[in-house]
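Residue-level structure breakdown
Listed here are the chains, written in short residue letters.
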Amino acid sequence: MSVREIQQFGEPILRQPAAPVEEINADVRRLIDDMFETMRAAQGVGLAANQVGIGLRVFVMDVGDPDYGPRAFVNPVIAERSGGIVVEEGCLSLPGLSAEVERAARVVVEGLDPSGDKVRLEATELAARCIQHEIDHLDGLLFIDRVSPLKRRMLLNEWAKLRKEAARR
Ligand code: ZN
């Protein structure tokens, strides 16, 4: 296993819808192992494949709750969503930024596990939020797309400032 580089906001792959996995082969399983290691090294709770530069519909999550994993989903889709909740959210591809984002309070996600078996998981709280955030990534969306235009402008200004400071270091 190895830690892969996390793509930062501005990399085109984060804006491209990821392609379905056609066959869960050794490369895909290695990708999943590396994604778990990369997510843990970054102290994240979820990571999508395009965040490590691979445009495939795969995400991993570990929200620290044994009911929900750690687990990986291949070709995930949200089959049901209900309720609404607004909570502060961040992203490993936009380090330093966070905003309140509205998400469904409960989702049911369906997909395949790394062995290719069908899985269906009902999730609430942090797991539900994580699933929606990661599937957004696979559709080329980021949490800054889920806030008001004004808030989005503020976040983009903050990001530009953070990048400038990072470049100076
Ligand atoms: Zn993210």
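Each remark here, short or long, concerns the structure printed above.
We now turn to the structure provided with this report. (Residues numbered from 1 in each chain as written. Predicted model: local features only at pLDDT ≥ 70, side-chain atom pairs only at ≥ 80, totals over all residues. Heavy atoms only, no water.)

Regarding the coordination of the zinc ion
Put simply, the rule is: The rule for donors is simple: N, O or S, within 2.8 Å of the metal, or within 3.2 Å if the metal is Na, K or Ca. Water isn't counted, so a site may look like it is missing partners. Here a helix means four or more residues in a row that DSSP labels H or I, a strand means two or more in a row labelled E, and each is numbered from the N terminus. Type-normalised accessible area, obtained with a 1.4 Å probe on protein chains alone, sets the label of each residue: buried when under 20%, exposed when over 50%, and partly exposed for intermediate values.
The zinc ion binds to the protein through Cys 91 (SG), His 133 (NE2) and His 137 (NE2); the donor distances cover 2.0 to 2.3 Å. Read N to C, the donor residues that coordinate the zinc ion are spaced as C-x41-H-x3-H. Placement of the pair is Cys 91 in the loop between strand E4 (85–90) and strand E5 (98–103) and His 133 in helix H2 (residues 125–138), with a sequence separation of 42 residues. The pair Cys 91 / His 133 is uniform in exposure class, with both members buried.

Quick look at H2
Inclusion rule: Given the number of residues in a helix, its expected span is that number minus one, multiplied by 1.5 Å.
Relative to the 20 Å expected for 14 residues at 1.5 Å per residue, H2 spans 21 Å between its end C-alpha atoms, a close match to the ideal helical length. Counting buried positions along H2 yields twelve of 14 residues, so the element is predominantly enclosed. Listed in full, the buried residues belonging to H2 are Ala 127, Ala 128, Arg 129, Cys 130, Ile 131, Gln 132, His 133, Glu 134, Ile 135, Asp 136, His 137 and Leu 138. Where H2 ends, the next residue or the one after it, Gly 140, has phi of about 85°, a positive value.

Notes on the packing of aromatic side chains
To be explicit about the condition: Two rings from Phe, Tyr or Trp (for Trp, the six-membered ring) form a pair when their centres are within 6.5 Å of each other. A pair whose planes differ by under 30 degrees is stacked, one over 60 is edge-to-face, and the rest are tilted.
Per the counting criterion, the structure on display carries two aromatic pairs. The interplanar angle of 25° and the centroid separation of 5.2 Å between the aromatic rings of Phe 59 and Phe 73 together place this pair among those described as stacked. Taken as a pair, Phe 59 in strand E2 (residues 58–61) and Phe 73 in strand E3 (residues 71–82) lie far apart in primary sequence, 14 residues in all. Residue classification places Phe 73 among the buried positions, given a relative accessible area of 0%.

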